[in-house]
Amino acid sequence: MANSIEELLTPAFIVDLQKVQRNANVMIDRFKKLGVQLRPHMKTHKTIECGHIMTGGTRRCIVVSTLAEAFFFANHGFDDILYAFSLSLDKIDKCAELSERLDLFHVLFDNMTVLEALKKKPLKEGKLWRVWLKLDCENGRAGVLHTEAAAVDLAKAISESSGIELSGVYAHCGNTYKCSGAQEIQAVAQRTISAVLSFGEKLKSAGISCPKFTTGSTPSCSLPVEDMGLLNEVHPGNYIFYDQENQETYKDSWDLPTQPLKCKSKCIVIVISREATPSPHLLIGIIWRVTLKEESTENTASVLYLHEM
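Residues numbered from 1 in each chain as written. Predicted model: local features only at pLDDT ≥ 70, side-chain atom pairs only at ≥ 80, totals over all residues. Heavy atoms only, no water.

Asker: Is there a simple way to explain the packing of aromatic side chains in this structure?
Answerer: Given two aromatic rings, their pairing is described by the distance between the two centres and the angle made by the two planes. Scanning the model with the defined rule gives 2 aromatic pairs in all. A centroid spacing of 5.2 Å and a plane angle of 80 degrees characterise the contact between Phe72 and Phe73, whose relative ring orientation is edge-to-face. Assessed through its relative accessible area of 30%, Phe72 is described here as partly exposed. In this structure Phe73 comes out as buried when scored by relative accessible area, which is 0%. Cluster of aromatic residues (ring-pair linked, three or more members): Phe72, Phe73 and Phe78. (Phe/Tyr/Trp six-rings, centres within 6.5 Å; stacked < 30°, edge-to-face > 60°. Buried < 20%, exposed > 50% of the residue type's maximum accessible area, 1.4 Å probe, protein only.)

Asker: So what exactly am I meant to see when it comes to the side chain of Asp80 here?
Answerer: Along the chain, the position of Asp80 falls in strand 4 (residues 79–83). If we skip the residues at most four places from it in the chain, Asp80 touches Arg39, Arg60, Cys61, Ile62, Leu104 and His106. (Helix = DSSP H or I, 4+ residues; strand = E, 2+ residues; numbered from the N terminus. Contact = heavy atoms within 4.5 Å.)

Asker: So what exactly am I meant to see when it comes to unusual backbone geometry here?
Answerer: Excluding glycine, a negative phi dihedral is what most residues carry, and trans is how most peptide bonds are arranged. Phi angles above zero are rare outside glycine, and Lys46 is one such case at about 55 degrees. Mapping Lys46 onto the fold places it in the loop between strand 2 (37–38) and helix 2 (48–54). Given a relative accessible area of 17%, Lys46 falls into the buried group. The phi dihedral of Cys61 is positive, around 65 degrees, even though this residue is not glycine. In this fold, Cys61 is placed in strand 3 (residues 60–64).

Asker: I would appreciate a short explanation of the pairing of strand 3 in the present structure.
Answerer: Regular strands have side chains that alternate between both faces of the sheet. Extensive coverage of strand 3 is indicated by the burial of 4 of its 5 residues. Pairing of strand 3 with strand 4 involves 4 bridges; the strand directions are parallel. Its bridge partner being in strand 4, Ile62 is matched across the sheet by Ile81. Where the polypeptide runs from strand 3 across helix 3 (residues 67–74) and back to strand 4, its parallel neighbour, the crossover connection is right-handed. (Pairing = 2+ DSSP bridges. Right-handed = clockwise from strand over helix to strand, strands pointing away.)

Asker: Is there a simple way to explain the confidence of the model for the chain in this structure?
Answerer: Here the chain averages 83 in pLDDT, and 78% of its residues register 70 or above. The model gives residues 272–277 a pLDDT under 50, and that stretch makes 12 contacts with residues more than four places away or in other chains. The low-confidence segment residues 284–309, where pLDDT is below 50, has 67 contacts with residues more than four positions distant or belonging to other chains. (pLDDT = per-residue confidence, 0-100.)

Asker: When you look at the nonpolar core in this model, what are you seeing that I'm missing?
Answerer: Ranked by size, the top nonpolar core spans 67 residues in total, and within it Ile81, Leu87, Phe105, Phe109, Leu118, Trp129 and Leu203 carry the most contacts. With 6 residues, helix 6 (residues 149–159) is the largest single contributor of residues to this core. By size, the runner-up hydrophobic cluster in this structure holds 7 residues, among which are Ala182, Ile185, Ala189 and Leu223. (Core = buried A, V, L, I, M, F, W, Y, C linked by side-chain atoms within 4.5 Å.)

Asker: Where do I start with the packing of helix 3 against helix 4 (residues 92–101) in this structure?
Answerer: Between two packed helices, both the angle of their axes relative to each other and the distance between the axes serve to describe the pair. Packing of helix 3 against helix 4 brings their axes to within 11 Å, and their N-to-C directions diverge by 25 degrees. As summarised for this structure, helix 3 and helix 4 are arranged roughly parallel, according to the angle between their axes. The two elements helix 3 and helix 4 meet at a crossing, and its hand is left-handed. Across the interface between the two elements, Leu67, Ala70, Phe71 and Ala74 from helix 3 touch Lys94, Cys95, Glu97, Leu98 and Arg101 from helix 4. (Axes fitted to C-alpha atoms, helices over the stretch in contact; angles between N-to-C directions. Parallel < 35°, antiparallel > 145°, perpendicular 65-115°, else oblique. Left-handed = near helix turned anticlockwise from the far one by under 90°.)

Asker: Would you mind showing me how to read helix 4 here?
Answerer: One full turn of an α-helix is made of 3.6 residues, so residues set three or four places apart face in the same direction. Turning to helix 4, its buried residues number three or more, namely Ile92, Cys95, Ala96, Leu98 and Ser99. Buried residues in helix 4, looked at end-on, bunch into an arc of 165 degrees, giving them a common side. Considering only its buried residues, helix 4 is in contact with helix 3, strand 4, strand 5 (105–109), helix 5 (112–119) and strand 6 (129–136). (Arc of directions from axis to C-beta.)

Asker: Would you take a moment to explain the pattern of salt bridges for this structure?
Answerer: A pair can form between side chains of opposite charge whenever their charged atoms are brought close. Here the structure, examined in full by the defined rule, presents 11 salt bridges. Among the ionic pairs, Arg60 bridges to Asp103, the shortest N-O distance being 4.0 Å. A residue pair is termed long-range when its members are at least 10 positions apart, and Arg60 in strand 3 and Asp103 in the loop between helix 4 and strand 5 qualify at 43 residues. Note on Arg60: relative accessible area 34%, which makes it partly exposed. One salt bridge connects Lys119 with Glu116, and the closest N-O pair in it is separated by 3.2 Å. (Salt bridge = Lys/Arg side-chain N within 4 Å of Asp/Glu carboxyl O.)

Asker: Explanation requested: the pairing of strand 8 (residues 164–172) in the structure shown.
Answerer: For strand 8, a buried count of 8 out of 9 residues is recorded, marking the element as mostly surrounded by other parts of the structure. Here 6 bridges tie strand 6 to strand 8, and the two strands are oriented parallel to one another. Bridge assignment links Trp132 to a residue of strand 8, and that residue is Gly168. By the bridge criterion, 4 bridges tie strand 8 to strand 9 (residues 213–216) in an arrangement that is parallel. Its bridge partner lying in strand 9, Ala171 is registered against Thr215. Chirality of the crossover, the property in question, places the unit of strand 8, helix 7 (residues 182–205) and strand 9 among those that are right-handed.

The following block contains the structure:
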């Protein structure tokens, strides 16, 4: 462990730990008061340290977006992990491994094809596949549209399948990131929550048991509407940093009683070379993050050309 910035191996990423802890505590306290389970998302930071802080030290009840993240956190003592990316057939064997190894490992999908594949892959020792139905509440990114009969049909098929349990309904409120200010965020969040709760009533009317209904995003969970207290879980993630990208979203919301604390992250870079010709520039190593549709890579060394002033 380095004692000063000068001793750090580069590239390195530094955050204000007090602000990180404060951001985590505010979210934990907020949903404890609402009586709603907080299941924080790990994809923003992908670190054991922040995972420990965001779970209040329990290392349980988290969300991940890749199997690499799932194995990483499982290997460091985390449990009750929801893999919240629509399951594809090539990932089933690895998900079975985690399901048999952990007390609780959850998968998520939105189609019959994956359900049929899970039915052909029973877990060992009588363990159940813990399945979440991915619901599209007009976010348009993934999931079965909440107004379609196919969504109820899929929930029914899951609940009636041997060796499989319908653990919850998951809707991501990602369209709140396109909002500007509290009023827009809360309007979008309310529509999403209403759609999720309405879908729950449809399942109840159809005699389908489902223990958890959930949504979540950092904007909607930072400015919760009253009906959010009717959900069972929420799944925000990047509140741990409230980085520069969020400033436009929250631009008129900093006067709230509990203000998000923006954690100003720093990148440490190192000059690799300095070229004078043909065009003066510096070649440096820097942390670079690339997020893809399914898998993501980060903390890899990349290069950036800067014109010399």
